[in-house]
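# Geometric and topological summary
Residue strings, one per chain:
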Amino acid sequence: PGGVQFRVEMVSCGPKEGSLRLLNMVPGDWQWGHTRWTSGPPTCDLPDVVGGQLMSEIIHVRVVNDGRRFAKDVTLHVQGSKLIAPSSSAPMPLAPGQTAPLVAPLRLHAENVTEVSDADCPLKVQLLVEGGGLRLEKTVQLRCRKVEESFLMLFV
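Residues numbered from 1 in each chain as written. Predicted model: local features only at pLDDT ≥ 70, side-chain atom pairs only at ≥ 80, totals over all residues. Heavy atoms only, no water.

## Section: the pattern of salt bridges
- Counted according to the given criterion, the structure contains five salt bridges.
- Where Arg135 meets Glu137, a salt bridge forms, and the shortest distance between an N and an O atom there is 3.7 Å. Each member of the pair Arg135 and Glu137 is classed as exposed.
- Through salt bridges that share partners, Glu130, Arg135 and Glu137 make up one connected network. (Salt bridge = Lys/Arg side-chain N within 4 Å of Asp/Glu carboxyl O. Buried < 20%, exposed > 50% of the residue type's maximum accessible area, 1.4 Å probe, protein only.)

## Thoughts on the nonpolar core
- With 28 residues, the main nonpolar core has Leu123 and Val125 as its most contacted residues.
- Those elements that provide at least two residues to this core are β1 (20–22), β4 (58–65), β5 (71–78), β8 (99–105), β9 (123–131) and β10 (134–142).
- Not counting the four nearest positions on each side in its chain, Val125 is found in contact with Ile59, Val78, Ile84, Leu106, Lys138, Thr139, Val140 and Leu142. (Core = buried A, V, L, I, M, F, W, Y, C linked by side-chain atoms within 4.5 Å. Helix = DSSP H or I, 4+ residues; strand = E, 2+ residues; numbered from the N terminus. Contact = heavy atoms within 4.5 Å.)

## Digging into the side chain of Ser56
- Among the secondary structure elements, Ser56 is positioned in the loop between β3 (53–54) and β4.
- If we ignore the near neighbours within four places in the chain, the residues touching Ser56 are Pro47, Leu106, Met153 and Leu154.

## Here we look at the sheet that holds β1
- Strand order in the open sheet made by the three strands is β1-β4-β8, with antiparallel pairing throughout. The open sheet has two edge strands with one neighbour each: β1 and β8. Neighbour-to-neighbour, the strand axes of this sheet turn through a mean angle of 35°, independent of strand direction.
- As judged from the seven bridges shared by β4 and β8, these two strands associate in the antiparallel manner. Residue pairing in the sheet places Ile58 in a bridge with Pro105 of β8. (Pairing = 2+ DSSP bridges. Axes fitted to C-alpha atoms, helices over the stretch in contact; angles between N-to-C directions.)

## Examining the environment of Leu154
- Its location among the elements puts Leu154 in the segment after β11 (144–145).
- Classification of Leu154 by relative accessible area gives buried; the value is 10%.
- As for Leu154 and Asp48, which are separated by 106 residues in sequence, their C-alpha atoms are 9.0 Å apart.

## Some words on unusual backbone geometry
- A cis amide bond links Cys121 to the next residue, Pro122, at an omega of -5°.
- Positionally, Pro122 belongs in the loop between β8 and β9.

## Section: the environment of Ile58
- Structurally, Ile58 can be placed in strand β4.
- Placed 29 residues apart in sequence, Ile58 and Ser87 show a C-alpha to C-alpha distance of 10.0 Å.

## Section: the state of the cysteines
- With the rule as written, the count across this model stands at one disulfide.
- Across the disulfide, Cys121 is cross-linked to Cys144 (sulfur-sulfur distance 2.0 Å). Note on the Cys121 and Cys144 pair: the S-S dihedral is about -85°, so by sign convention the disulfide is left-handed. With a gap of 23 residues between them, Cys121 in the loop between β8 and β9 and Cys144 in strand β11 connect regions that are remote in the sequence. (Disulfide = S-S within 2.5 Å.)

## Observations regarding the pairing of β9
- Where β5 lies against β9, four bridges are found, and the strand directions are antiparallel. Bridging across to β9, Val78 finds its partner in Leu127.
- In this sheet, β10 lies alongside β9 in antiparallel orientation, the contact comprising nine bridges. Bridge assignment links Lys124 to a residue of β10, and that residue is Gln141.
- Hairpin geometry of β9 and β10 is characterised by an intervening segment of two residues between the two adjacent antiparallel strands and by a positive phi of about 60° at Gly132.

Function cannot be inferred from these measures alone, as they are strictly geometric.
The structure is reproduced here in structure tokens:
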């Protein structure tokens, strides 16, 4: 008599296969950098080069798994270049819908590079995110600043 009925329907979201996406990394301003963490980049996404030296020993990206399956062993790789030493983050799994930071060491080549010259500015750093059978490549540019100018650095 007079009972309530419910109907439950399962709808899958996101691509069936794996799908990784990088959140944008652009310079922001004070207001932009103080919004929600997942809504956009803070003002200090990328470290600067000051007086020829890297101001941080890390670099990071924020990765989103837009797929419906776990992405296993998602890793950030800093690609080696004539100035930058290759490095990698620790691999981590990403659940469907999860956003996570990946942090990798950022270093100059210890054996042959002591500083970044003005000719190499802005300093290009090639990044590769891979995991779950997917690959994302991104080249970022680090600003070069003089010691007397304001600068950005990252720390954990």
